[in-house]
Amino acid sequence: MLENIGKAFQLPFIPKDSTLGSIVTLLMYLSFILFIFFGQKIQLRMMLWEIDGVLRKLDLMRGEARSLSLKTIKEIGKPEDDPEPVLNSLLEQFVIYPVDMDPAGIVWKLDHLMDVRDSKFKDDVRLIAPKADDVQVNNLENLIEAALALNTIYRIIRHYYLLGKKTSSFYIILQLQMLLPLIMQQAEALVDASKAFAEAQPIGDGIGPYIASKLMLGKAQRKMEKDMVAAEVEIEGRRAFVLKAEGPGGNVGKPGEAIRQIIEENQGSISMIIMIDAALKFEGERSGDISEGIGAAIGGIGTERYKIEEEAKRFKIPLYAVVVKESIQEAITPMKKEIAEVADEAIKRIKMLIKRKSNEGDSIIIAGIGNTIGIGQ
Amino acid sequence: MYIVILFSILVLVYSIWIIASSVQERMQGKSDGFYFGLIAGIIGIGLALSSLVRLRNRLISISKEEGRISTVIECPTCKIKTIRNFQRGDYVNKRLEKCPNCGEDKIITAIYLEKPARR
């Protein structure tokens with residue numbers, strides 16, 4: 001029987017009676033035994049090897065985003081001092097989220113923390129880019145945020161890689177290895193996003209502001225709280241307040257505050273709120289498909305959605321959502337043609353919704369939600 | 001990448017050699033190990049080819065990912081549309097030079113990424 005097994009492991013065309021043949025057969029036996037006793041260890045080594053490669057790639061990516069940030073800051077901001085130390089500290093910046101043991105009032109605490117963070121971030125960017133105007137400061141802020149996200153991903157992966165290596169924990173390494181393709185997808189998207197931010201090109205997430213900008217083009221506009229603009233437009237015989245973040249700098253604004261302001265100015269007599277946003281598509285769905293739904297279509301940490309829902313509930317205003325589907329990568333990379341081209345179709349759908357769900361003479365709110373980088377008004 | 005190509009070519013050559021030798025030996029009347037050699041050779045060729053094809057597809061997909069950012073400029077009155085490469089400073093709704101036909105300011109109506117169509 002052993003002979004047969006030996007035959008099965010015998011490499012072809014190496015004479016089995018020769019010394020070389022015996023060595024090869026012996027090596028085959030040895031490797032078989034090694035795999036039985038040290039199979040998991042070998043697998044662990046191979047996984048660590050793979051993660052090590054990805055980690056090196058991530059290091060290159062974060063380096064690329066960091067260099068691009070530095071280059072753009074120097075080009076646009078023309079700083080007198082070296083911006084590197086401040087940039088390095090920005091790339092390590094963090095936020096401590098409020099305690100949630102007693103969740104009552106957490107939204108306002110979070111909102112306050114985010115305001116402080118935004119204002120500090122902007123001040124720091126202004127410090128290292130003194131010649132940049134407000135639009136460029138917003139773009140630089142977005143660019144540094146993408147570099148920060150890449151830096152954070154790298155640090156987290158390195159942490160678990162070293163922890164897994166130190167403890168030889170198969171399960172830490174296994175989980176990390178299984179998540180690698182998704183992490184790399186996101187990291188690659190962030191590298192593309194940083195290039196888009198450096199050039200101030202519209203990104204996929206900007207489809208909401210893009211549609212709103214088409215509706216408000218050529219109409220009188222006014223600035224609103226905070227970093228938002230609004231225009232009064234007549235659509236299908238209704239008075240529509242069209243909102244978007246103030247562009248063309250990279251900005252999402254605070255749509256919750258602006259919607260509340262308009263509702264209060266109209267003493268609550270708003271017959272509907274339509275929110276237009278980019279929404280995450282499922283795998284297999286086509287990018288640029290339009291869907292209609294109910295509720296506040298707005299991402300982020302949830303503070304703005306809370307404000308909008310509160311106001312809508314207070315005045316019993318129906319909330320409608322029109323979303324354009326795209327992947328998470330498409331949302332943060334330059335806007336694709338197939339996404340930009342659905343804007344007119346989305347406007348048709350909005351008009352149909354307005355006709356169906358409101359009466360002539362009503363006041364309505366249309367809010368284009370998302371990052372308005374590269375999109376003016 | 002070059003290591004993968006080299007390794008795949010080595011496996012391919014070795015597999016072809018295995019098959020050729022098996023056939024040669026069988027023709028000489030030595031049928032011992034013929035089927036093993038044949039199957040091992042076919043598997044080797046399959047693996048090497050699949051590795052090379054995957055590498056080629058990956059390279060094609062990477063080269064096709066590179067698209068260009070286009071800026072669409074439109075005259076609001078004449079509706080004449082022109083498309084050019086994106087330039088730094090372009091943004092949607094930016095007013096540009098006057099239209100030679102009607103004198104109205106031209107406007108950037110869209111900026112998007114165009115990717116070459118997949119074959």
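Calculation rules
- Residues numbered from 1 in each chain as written.
- Chains lettered and ligands numbered in written order.
- Predicted model: local features only at pLDDT ≥ 70, side-chain atom pairs only at ≥ 80, totals over all residues.
- Heavy atoms only, no water.
- Pairing = 2+ DSSP bridges.
- Helix = DSSP H or I, 4+ residues; strand = E, 2+ residues; numbered from the N terminus.
- Axes fitted to C-alpha atoms, helices over the stretch in contact; angles between N-to-C directions.
- Phe/Tyr/Trp six-rings, centres within 6.5 Å; stacked < 30°, edge-to-face > 60°.
- Buried < 20%, exposed > 50% of the residue type's maximum accessible area, 1.4 Å probe, protein only.
- Contact = heavy atoms within 4.5 Å.
- Buried area = accessible area lost by both parts, 1.4 Å probe.
- Salt bridge = Lys/Arg side-chain N within 4 Å of Asp/Glu carboxyl O.
- Polar contact = N/O pair within 3.5 Å; in protein donor to acceptor, adjacent residues only side chain to side chain.
- Parallel < 35°, antiparallel > 145°, perpendicular 65-115°, else oblique.
- Left-handed = near helix turned anticlockwise from the far one by under 90°.

Moving on, we come to the sheet that holds strand β4 (residues 272-280) of chain A. All names here are of chain A. The seven strands are arranged β1-β2-β3-β7-β4-β6-β5 in an open sheet whose pairing can be described as mixed. With one partner strand each, in any of the chains shown, β1 (221-224) and β5 (290-294) form the two edges of the open sheet. On average, each strand axis in the sheet is tilted by 25° relative to the strand beside it, whichever way the strands run. In the sheet, β4 pairs with strand β7 (residues 363-368) via five bridges, with the strands oriented parallel.

Residue and element names in this part refer to chain B. Under the counting rule described, the total for this entry stands at four aromatic pairs over all chains. On the numbers, 6.0 Å between centres and 25° between planes, the contact of Tyr14 with Trp17 is stacked. Of this pair, Tyr14 and Trp17 are both found in helix α1 (residues 2-27), three residues apart, which corresponds to roughly one turn of the helix. Residue Trp17 is classed as partly exposed on the basis of its relative accessible area of 45%.

Moving on, we come to the interface of chain A and chain B. Residue-level contacts link 26 residues of chain A with 23 residues of chain B. Across the chain A/chain B interface, buried area totals approximately 2100 Å², and carbon plus sulfur atoms make up 59% of it. At the surface where chain A touches chain B, the tally comes to three salt bridges. Between Arg88(B) and Glu199(A) there is a salt bridge; the shortest N-O distance is 3.7 Å. Applying the counting criterion to the chain A and chain B interface returns seven residue pairs in polar contact (both at pLDDT 80 or more). Only α2 (19-77), α6 (170-199), α7 (207-216) and α11 (337-340) of chain A provide two or more residues apiece to the side of chain A that touches chain B.

Time to look at the pairing of strand β3 (residues 95-98) of chain B. Taken residue by residue, a regular strand's side chains alternate between the two faces of the sheet. Bridge count for β3(B) against strand β4 (residues 105-114) of chain B is two bridges, and the pairing is antiparallel. Bridge pairing in β4(B) places Lys98(B) opposite Asp105(B).

Turning to the packing of helix α4 (residues 106-128) of chain A against helix α9 (residues 303-314) of chain A, a few remarks are in order. Residues and elements named next belong to chain A. Interaxial distance between α4 and α9 falls to 9 Å at its minimum, and their mutual angle equals 130°. With respect to each other, α4 and α9 are oriented oblique. Here α4 and α9 pass one another in a crossing that is left-handed. In contact with Val107, Trp108, Leu110 and Asp111 of α4, α9 contributes Thr303, Glu304, Tyr306 and Lys307.

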